[in-house]
Amino acid sequence: SQPTRQQKVVRWASIASSMASVALTSSVLRWVLGIRRITVERVMTLTLRTARVLTSSAQAQVAETLQSGRVRASEFGEGVRQIFADPRAQVTVASAIGGAA
């Protein structure tokens, strides 16, 4: 009931084939994991770059809006000062206030 020489050869060939299959699967798995790691790194880098660009753009827009608001407030204040410095405007304002009362 001992295996024949041919049966031993077939068994060892099967074992060798299985080992080769495991090695190949392991190699492919390492390759796939390497590609996955590279892809994740690239996606993260792209995401970070995009976030930085968007943040920078938003900061620039806020700064521009604030500056524009300051300029308009300054222009408005100057306009108000000019109106109240004009004697005719003072009379008009006094009349309007008197008429509203």
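Residues numbered from 1 in each chain as written. Predicted model: local features only at pLDDT ≥ 70, side-chain atom pairs only at ≥ 80, totals over all residues. Heavy atoms only, no water.

Asks: Please clarify how the overall build of the protein should be interpreted in this entry.
Replies: Within the protein, the secondary structure is distributed over 2 helices and 0 strands. Computed over the C-alpha atoms, the radius of gyration of the protein is 41 Å, more than 25% above the 13 Å expected from 2.2 N^0.38 for a compact globule of 101 residues. Expressed along its principal axes, the backbone C-alpha trace of the protein runs to roughly 125 × 25 × 10 Å. Classification of the 101 residues of the protein by burial places 2% in the buried group. For the protein, the exposed surface amounts to about 9,100 Å²; the carbon and sulfur share of it is 64%. (Helix = DSSP H or I, 4+ residues; strand = E, 2+ residues; numbered from the N terminus. Rg over C-alpha atoms; globule rule 2.2 N^0.38 Å. Buried < 20%, exposed > 50% of the residue type's maximum accessible area, 1.4 Å probe, protein only. Areas by Shrake-Rupley, 256 points an atom, 1.4 Å probe, with all protein chains shown as cover.)

Asks: Help me understand a nonpolar patch on the surface in this model?
Replies: Side chains of Leu 24, Val 28, Trp 31, Val 32, Ile 35 and Ile 38 sit close together on the surface and give an oily, nonpolar patch of about 560 Å² of accessible area. Along the chain, Ile 38 turns up in helix α1 (residues 5–85). By relative accessible area, which is 32% here, Ile 38 ends up partly exposed. (Patch = residues over 30% accessible without salt bridge, like charges linked within 9 Å, V, L, I, M, F, W, Y side chains within 5 Å. Salt bridge = Lys/Arg side-chain N within 4 Å of Asp/Glu carboxyl O.)

Asks: Quick question: what am I supposed to make of the pattern of salt bridges here?
Replies: Between side chains of opposite charge, pairing is possible as soon as their charged atoms come close. In total, this model carries 3 salt bridges according to the counting rule given. Here Arg 37 and Glu 41 are joined by a salt bridge, their closest N and O atoms 3.1 Å apart. Taken together, the residues Arg 37 and Glu 41, both in helix α1 and 4 residues apart, mark about one turn of the helix. Take Arg 37: its relative accessible area is 47%, and that puts it in the partly exposed class. Of the charged contacts, one joins Arg 88 and Asp 86 as a salt bridge, the two residues approaching to 3.7 Å between their closest N and O atoms.

Asks: Would you mind going over the environment of Gly 79 with me for this structure?
Replies: Position of Gly 79 among the secondary structure elements: in helix α1. Considered as a pair, Gly 79 and Ser 21 are 58 residues apart in the sequence and their alpha carbons are 85 Å apart.

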